[in-house]
Amino acid sequence: MRSVRMRAELDGRHVSGAERIIPHYELEKVVVELLKRPKRYDKIVITVERVESLEVIPKSLPIKSYDFANVSQAHEFVIKKLKDAGISEEITKKALKLLSEGPNPKGGNMRGAVLMDVKTGERLEPDQERGIRTTRIDWRNRNAVKEALKERGIKKVYLERLVDALAIATKNIHCGIIAEICWSDDPEYITGYIASKELGYVRIKPMKEENVPIGGRVYFVNRTDLQKLIECLERKVMLIEQLF
Ligand code: PML
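In this structure, what is going on with the sheet that holds strand β12 (residues 237-242)? I would like to understand it.
In a beta sheet, neighbouring strands are held together by backbone hydrogen bonds and run either parallel or antiparallel to one another. In spatial order, the strands read β4-β12-β7; together these three strands make up an open sheet with parallel pairing. Every interior strand has two partners, whereas the edge strands, β4 (54-59) and β7 (137-139), have only one. Sheet twist, expressed as the mean angle between neighbouring strand axes with direction ignored, is 25 degrees. Pairing geometry for β7 and β12, over three bridges, is parallel. Across the sheet, residue Ile137 finds its bridge partner in β12, namely Met238.

This is the structure we're talking about:
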């Protein structure tokens, strides 16, 4: 198997990224597909690695979706649901504030996620500008997953994002994250999600106001064995066998 990762920049800014874990005979096809993915860029990097060992996750987290009249109602729901997952209101509010204001201490977004101590709210990621990036995760059969989601009524424009975000959230929980809050930094994309083992993948709209270019991910974690957790999120290669 091969791990293939693409990232593209325009004017020094990250504009596109994608990854695949594929059998070696699909390499050429997939490299061309990823090469064509960003519409505009002035630099593109495609990394190909041989996969030494692979863990298979049998099923993704299940999806639920909720729509609210406004962001504050949506955030109240997040607080309530995460309380069910054992996270205090104070800690969830801290994470919501961080994502609303921009989690990068230098201002704005981070490429990776915040690791937040679930008991104290302290930030634990070693580099607060970079954060922790969940990578090396893909679906055994991406097209079949997309088709199955379409059959369940997910609109086509959102599909690629959902497929990627669901894979990331599934890996996060598999690695031992207690729960996650996420929304996109794309100004036009206001659907976000929370995830945990018990809650599944809970899509929530609107997680932020329209035209806000700030977002990101907060992972709630126990601070024991942090190194092992980071290693799992960033380095362990995993493939999800099928949709829940
Ligand atoms: C979804 O369920 O539609 C995905 C929401 C989060 C997307 C995060 C991102 O694209 O950065």
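Can you help me understand the site of the ligand in this one?
Arg161, Leu162, Ala165, Cys182, Ser184, Tyr189, Thr191, Tyr193, Tyr201 and Arg203 make up every residue found near the ligand. Tyr189 is positioned such that a nitrogen or oxygen atom in its side chain is 2.5 Å from an oxygen atom of the ligand. Within the side chain of Arg203, an N or O atom sits 2.5 Å from an oxygen atom of the ligand. Here the ligand has 340 Å² of accessible area as a free molecule, and 87% of this is covered by the chains. Listed by contribution, the elements that provide at least two residues to the shell around the ligand are α5 (156-175) and β10 (200-205). Broken down by element, the residue count for the shell around the ligand peaks at three residues, all from α5. For the shell around the ligand, a count of residues per class yields six nonpolar, two polar and two charged.

How should I be thinking about the state of the cysteines in this particular structure?
Across all of its chains, the model carries one disulfide by this definition. Note that Cys175 is cross-linked by a disulfide to Cys232, the S-S spacing being 2.1 Å. One quick way to see it: the torsion about the S-S bond of Cys175 and Cys232 is about -80 degrees, and its sign makes the bridge left-handed. With Cys175 in helix α5 and Cys232 in helix α6 (residues 226-235), this pair connects stretches of sequence that are 57 residues apart. Of the residues examined, Cys175 reaches a relative accessible area of 13% and is grouped as buried. Here Cys182 is not disulfide-linked; the sulfur of Cys175 is the nearest cysteine sulfur, at 16 Å. Looking at Cys182, the relative accessible area reads 8%, which means it is buried.

Rules and cut-offs
Residues numbered from 1 in each chain as written. Predicted model: local features only at pLDDT ≥ 70, side-chain atom pairs only at ≥ 80, totals over all residues. Heavy atoms only, no water. Pairing = 2+ DSSP bridges. Helix = DSSP H or I, 4+ residues; strand = E, 2+ residues; numbered from the N terminus. Axes fitted to C-alpha atoms, helices over the stretch in contact; angles between N-to-C directions. Near = heavy atom within 4 Å. Polar contact = N/O pair within 3.5 Å; in protein donor to acceptor, adjacent residues only side chain to side chain. Areas by Shrake-Rupley, 256 points an atom, 1.4 Å probe, with all protein chains shown as cover. Nonpolar A, V, L, I, M, F, W, Y, C, P; charged D, E, K, R; others polar. Disulfide = S-S within 2.5 Å. Buried < 20%, exposed > 50% of the residue type's maximum accessible area, 1.4 Å probe, protein only.

Any functional reading would require information beyond the geometric quantities listed.
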